Amino acid sequence: MTELITLFNHGPVALITIDNPPVNALSPGVPERLESALEAAQADPATKAIVIIGGSHTFIAGADINEFAKNIAAGKPGGPSIHNLLAAIEDSAKPVVVAIEGAALGGGLEVAMAAHYRVAVTSANLGLPEANLGIVPGAEGTQRLPRLIGLAKAAELIVSGRIIKAPEAMTLGLIDGIIVGEFIADALTFAEGVAQTRPVPKASVRPVEPDPAALPAARELAKKIRRNQTAPLLALDALEAAATLSFEEGCKKERELSAKSLTTPQAAALIHAFLAERAVSKVPGLPKDTQPYPLNKAAIIGAGIMGGGIAMALANAGMDVRIKDTSQEALDRGLATVCKNYQNSVNKGRFPQSVMDERMALIHPQLDYAGFEEADIIIEAAFESMAVKKQLFAEIDKVAKPDCVLATNTSTLDIDEIASATSRPEMVIGTHFFSPAHVMRLVEIVRGKASSDRVIATAMALAKKLRKVGVLVGNAMGFVGNRMMFPYMREAQFLIEEGATPAQVDRALTDFGMAMGIFAVDDMGGLDLNWRVQQQNAHLIKPGERRPLMLQKLYEMGRYGQKTGRGWYLYDENRKATPDPEVEALIEQTAKDAGIKRRPITDEEIIERCIYVMINEGAHILEEGIASRASDIDAIYFSGYGFPAYRGGPMWYANAVGLQKVSDRIEDFGWQPAPLLKRLAGEGKNFE
Ligand code: 3H9
């Protein structure tokens, strides 16, 4: 086992290294031993200055999030108290320099701010992203950051959780130097240079410059980007304390607020979401040492919206991409969209023109299969038709090299049937990207019955390479995400037949925290597409089963959604939606014709019916093994379907509501609770 903390003397400078892989989190033992190492350095008369660094090329990524989760599960929410350590650093008579490579986040940056000097390599990442976990920084960060960079910037960084690189940190005054040469040597040299400086500069003694506009602006920002979330607002209260109280009193206030934030259901949910997102890559049953195939060159079939988006995602990760379509016109259109998307990013200052040029140069449009034999992965993103896909897979089977992964971007079709068109079904897998594929983080990785472990590992590695959330799911109609969407969408339509309006349903859902209402989602995806999927699945409807009535009517009226300017809503030229009285009248008439007596529907009923029906389907999915863990379903929903992460995902939310209540309400609504839900509810257990 590695030592958590090591101390080496380099002449007059003591170098303390924190070694708690992978990210040097402040796990139990780390703060205490760091404090002991500081004491030892203090006691050594030969030591004139102290440098603290992190091992494995990263500083400290903050408190140990696993510990937070453990404490919450044990009913004792809380994190480490590192105030003694912070005092030991700041009160050190000898100058303390924190040198940063990699991440100095949360508690990591708070440790760094207690030091007298901070230096960092250009690529270092600094920030207080605690709001992403639903908590208030608890190690004096809300008190030192405004003293170092001003109230307005501190508030913006804390509310947004934005991570900044060293150059910006330097401009803001958060760090004192940028290391461009050899990391340790330069850090030691910097420390030698400040070894005699007295008094040592302390952030805590600096004033917070008055800035009356800062906090109101930050509260507005929180409303906009952290809708319904409590931690950012509590953090702003802590910043207010920084602006109005002494450092010590401000720290006391921060401690109270931070402890309070940790007891909230939002913190529990967001911490679950953080861990769920990372757990997806640990596939149960897949041997850890499974070697993925190399992933350098890719080829895509289909230059439509999906194919173009996937090409961008691959090129953004530095992969060489061939993209094939059947006509020059289709290719030109596809590439023009790619170009337009990149240009928008350049115009918005996200990256310079040179980056766009590099990425465009990685994408090679073509009409034939030339070069496909070099591809490590071929992703088919053609028209959603089994016949088309089988034909294409038969073709690529002939050109692809033996260890090329053959992936399909189907969102609904049977992977095994597609694989049957090849001579190597073990190389076939689904990679279900979400539109726009260069933006959306979710990829459902669909295992066929023959997909080999190496192919699964390669698809998971691809998701990681693209910095996406790749979740392995089973091969079933709609996989996980869409399969849960179908009953959700159906229930929403029943609600409007029974008395709600599309706008009311959507507002209740967005108030609950969904990124978009379900009718707005349908308008964006296209009612024609939804209608086609319903037709394909008509055979699954059981005799006598209730079916929604409105979709067919809107489809027949050519109201396909945003693309036709009319769907559930009316759209102006800026795609702004307004409720359409014509649709509302049609709903009323349709309900009347069907003998449905309309009544007032509460928002609570909307949420319960829409969300519980989704949860019930999730329980079926878990039971059938289509998802291996409840947390995988959650990750799918908060990374791809706009489910609020601060509610943890649908399955976490069900646990939070209580499975017995969910099961009872499902029965009240006249539905059948999934056997797994009923059993767990009866046993007083949770989804896992
Ligand atoms: C805090 O500090 C509160 C304070 O105010 C008070 C404190 C006293 N703890 O993301 P990756 C693991 S709150 C434990 O895949 P990347 C992660 O689970 C904290 N584990 O890599 C994963 O494990 P595994 C504030 C952590 O390169 C592995 O590291 N800090 C922690 O894409 C690799 O992670 C934050 O919110 C942690 N703090 O990104 C920072 N962080 O290999 C949270 C990571 O088993 N972390 N792990 O799956 C991050 O933002 C990213 O993980 C980071 C690396 C940028 C560090």
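About the thresholds
- Residues numbered from 1 in each chain as written.
- Predicted model: local features only at pLDDT ≥ 70, side-chain atom pairs only at ≥ 80, totals over all residues.
- Heavy atoms only, no water.
- Helix = DSSP H or I, 4+ residues; strand = E, 2+ residues; numbered from the N terminus.
- Buried < 20%, exposed > 50% of the residue type's maximum accessible area, 1.4 Å probe, protein only.
- Contact = heavy atoms within 4.5 Å.
- Areas by Shrake-Rupley, 256 points an atom, 1.4 Å probe, with all protein chains shown as cover.
- Lys, Arg positive; Asp, Glu negative; His and termini not counted.
- Charge placed at Lys NZ, Arg CZ, Asp CG, Glu CD.
- Near = heavy atom within 4 Å.
- Polar contact = N/O pair within 3.5 Å; in protein donor to acceptor, adjacent residues only side chain to side chain.
- Domains from an automatic or database assignment.
- Pairing = 2+ DSSP bridges.
- Expected span 1.5 Å × (residues − 1).
- Patch = residues over 30% accessible without salt bridge, like charges linked within 9 Å, V, L, I, M, F, W, Y side chains within 5 Å.
- Salt bridge = Lys/Arg side-chain N within 4 Å of Asp/Glu carboxyl O.
- Axes fitted to C-alpha atoms, helices over the stretch in contact; angles between N-to-C directions.
- Parallel < 35°, antiparallel > 145°, perpendicular 65-115°, else oblique.
- Nonpolar A, V, L, I, M, F, W, Y, C, P; charged D, E, K, R; others polar.
- 1 Å grid on protein atoms, 1.4 Å probe; cavity = no way out; pocket = protein on both sides within 12 Å on 5 of 7 lines; lining within 4 Å.
- Points joined across faces, edges and corners; volume = space filled by probe spheres on them.
- Phe/Tyr/Trp six-rings, centres within 6.5 Å; stacked < 30°, edge-to-face > 60°.
- Core = buried A, V, L, I, M, F, W, Y, C linked by side-chain atoms within 4.5 Å.

## What about the overall build of the chain?
Secondary structure summary: the chain contains 29 helices and 19 strands in total. If you line up the chain on its principal axes, its C-alpha atoms span 85 × 60 × 50 Å. Relative to its full complement of 688 residues, the chain shows a buried share of 55%. Considering only intrachain contacts with a sequence separation of at least 6, the fraction spanning at least 24 residues in the chain is 72%. Just so you have it, the chain exposes about 28,800 Å², and 55% of that area is on carbon and sulfur atoms. Each charge sign in the chain was given a centre, from 72 positive and 83 negative side chains, and these centres are 2 Å apart.

## Side note on the site of the ligand
Lining the immediate surroundings of the ligand are 27 residues, of which Gly-107, Glu-110, Glu-130, Arg-278 and Lys-282 lie closest. Between Ala-61 and the ligand, the recorded distance is 2.8 Å, taken from a backbone N or O atom to a nitrogen atom. Between the ligand and Gly-138, the relevant distance is 2.9 Å, taken from an oxygen atom to a main-chain nitrogen or oxygen of the residue. Burial of the ligand by the protein chains amounts to 74% of its free accessible area of 1,000 Å². Elements represented by at least two residues in the shell around the ligand include exactly α2 (65-73), α4 (107-114) and α12 (265-279). In terms of residue count, α2 provides more of the shell around the ligand than any other element does, 3 residues in total.

## Quick word on the domain arrangement of the chain
How big an interface is tends to be stated in terms of accessible area lost as the parts join. Under the domain assignment, the chain is made up of domain 1 (5-263) and domain 2 (297-473). Relative placement of domain 1 and domain 2: their C-alpha centres are 41 Å apart.

## Examining the sheet that holds strand β8 (residues 164-165)
Read from one edge to the other, the open sheet built from 3 strands follows the order β5-β7-β8, with strand pairing classed as mixed. In this open sheet, the two strands that pair with only one neighbour each are β5 (103-105) and β8. The sheet contact formed by strand β7 (residues 125-127) and β8 spans 2 bridges and is antiparallel. Bridge pairing links Asn-125 to Lys-165 in β8.

## Details of helix α1 (residues 30-43)
Taking 1.5 Å per residue, 14 residues should reach 20 Å; α1 reaches 20 Å between its end C-alpha atoms and fits that length. In this structure, the buried residues of α1 make contact with β1 (5-10), β2 (13-18), β3 (49-54), α3 (83-90) and β4 (96-100).

## Details of the side chain of Ser-631
With respect to the helices and strands, Ser-631 occurs in helix α26 (residues 630-640). Setting aside residues up to four positions removed in sequence, Ser-631 forms contacts with His-272 and Ala-276.

## A closer look at a nonpolar patch on the surface
Taken together, the side chains of Met-170, Ile-178 and Val-180 define a hydrophobic patch exposed on the protein surface, amounting to about 270 Å² of accessible area. Among the secondary structure elements, Val-180 is positioned in the loop between β9 (177-179) and α8 (183-194).

## Thoughts on the pattern of salt bridges
Counted according to the given criterion, the structure contains 39 salt bridges. With a shortest N-O distance of 2.6 Å, Lys-389 and Glu-380 are connected by a salt bridge. Close ionic contact of Asp-580 with Arg-559 constitutes a salt bridge, the shortest N to O distance being 2.6 Å. Of the two residues, Asp-580 is situated in the loop between β19 (577-579) and α24 (581-593) and Arg-559 in the loop between α23 (550-556) and β18 (569-571); the sequence distance between them amounts to 21 residues. The residues Asp-580 and Arg-559 share a single accessibility class, namely buried.

## Things to note about the packing of helix α19 (residues 481-498) against α26
The relative placement of two packed helices comes down to the angle between their axes together with the axis-to-axis distance. Between α19 and α26, the least distance of the axes is 10 Å, while the angle of their chain directions is 70°. Considering their axes alone, α19 and α26 lie roughly perpendicular with respect to each other. On α26, the residues touching Gly-481, Met-484 and Met-485 of α19 are Ile-633, Ile-636 and Tyr-637. Split into classes, the residues belonging to the contact of α19 with α26 amount to 5 nonpolar, 1 polar and no charged.

## Things to note about the sheet that holds strand β6 (residues 117-121)
As summarised here, the arrangement of the 6 strands in space is β1-β2-β3-β4-β6-β9, forming an open sheet in which the pairing is mixed. What marks the edges here is a single partner per strand, and that holds for β1 and β9. The mean angle between the axes of side-by-side strands here comes to 25°, regardless of whether they run parallel or antiparallel. Note: β4 against β6, 4 bridges, orientation parallel.

## A closer look at helix α21 (residues 518-525)
Taken together, the buried positions of α21 are occupied by Ile-518, Phe-519, Ala-520, Asp-522 and Asp-523. Looking at the buried side of α21, the elements it contacts are α19, α20 (502-512), α22 (527-536), α23 and β18. Residue Gly-526 follows α21 closely and has a positive phi angle near 110°.

## Let's talk about empty space enclosed by the protein
Applying the stated rule across the entire model yields 1 cavity of 30 Å³ or more. Estimated volume of the largest cavity: approximately 40 Å³. If you go around the largest cavity, the residues you meet are Lys-297, Ala-298, Asp-320, Arg-322, Gly-371, Glu-374 and Ala-375. Of the residues assigned to the lining of the largest cavity, the class counts are 2 nonpolar, 1 polar and 4 charged.

## Quick notes on the packing of aromatic side chains
Scanning the model with the defined rule gives 11 aromatic pairs in all. Plain terms: the ring middles of Phe-512 and Tyr-653 are 5.1 Å apart, the flat faces sit at 85° to each other, and that makes the pair edge-to-face. Of the two residues, Phe-512 is situated in helix α20 and Tyr-653 in helix α27 (residues 650-657); the sequence distance between them amounts to 141 residues. Here Phe-519 and Trp-568 contribute two aromatic rings whose centre-to-centre distance is 4.7 Å and whose plane-to-plane angle is 65°, an arrangement assigned as edge-to-face.

## Focus on the pairing of β2
For β2, the buried fraction is high: 6 of the 6 residues fall into the buried class. Taken together, the 6 bridges between β1 and β2 define a ladder with antiparallel strand orientation. Each bridged residue has a counterpart across the sheet, and for Leu-7 the counterpart in β2 is Ile-16. Hairpin remark: β1 followed by β2, antiparallel, with 2 residues in the connecting loop; positive phi at Gly-11, about 60°.

## Remarks on the nonpolar core
Within the largest apolar cluster, 92 residues are counted, with the highest numbers of intra-cluster contacts made by Ile-378, Val-480, Val-505, Leu-509, Ile-518, Ile-611 and Phe-687. The dominant element in this core, judged by the number of residues it contributes, is helix α25 (residues 603-623), at 11 residues. With residues near it in sequence (within four places) discarded, Leu-509 still touches Tyr-488, Met-514, Gly-517, Ile-518, Ile-607, Cys-610 and Ile-611. Of all hydrophobic cores here, the second largest spans 80 residues; its members include Leu-34, Ala-37, Val-98 and Ala-139.

## Considerations on the pairing of strand β13 (residues 377-380)
The two faces of β13 match: Ile-377 and Ile-379 on one face and Ile-378 and Glu-380 on the other face are all buried. Two elements, strand β10 (residues 297-301) and β13, share 4 bridges in a ladder whose sense is parallel. Residue Ala-298 lies in a different strand from β13, and its bridge partner there is Ile-377. As judged from the 4 bridges shared by β13 and strand β14 (residues 405-408), these two strands associate in the parallel manner. Note that in β14 the partner of Ile-378 across the bridge is Leu-406.

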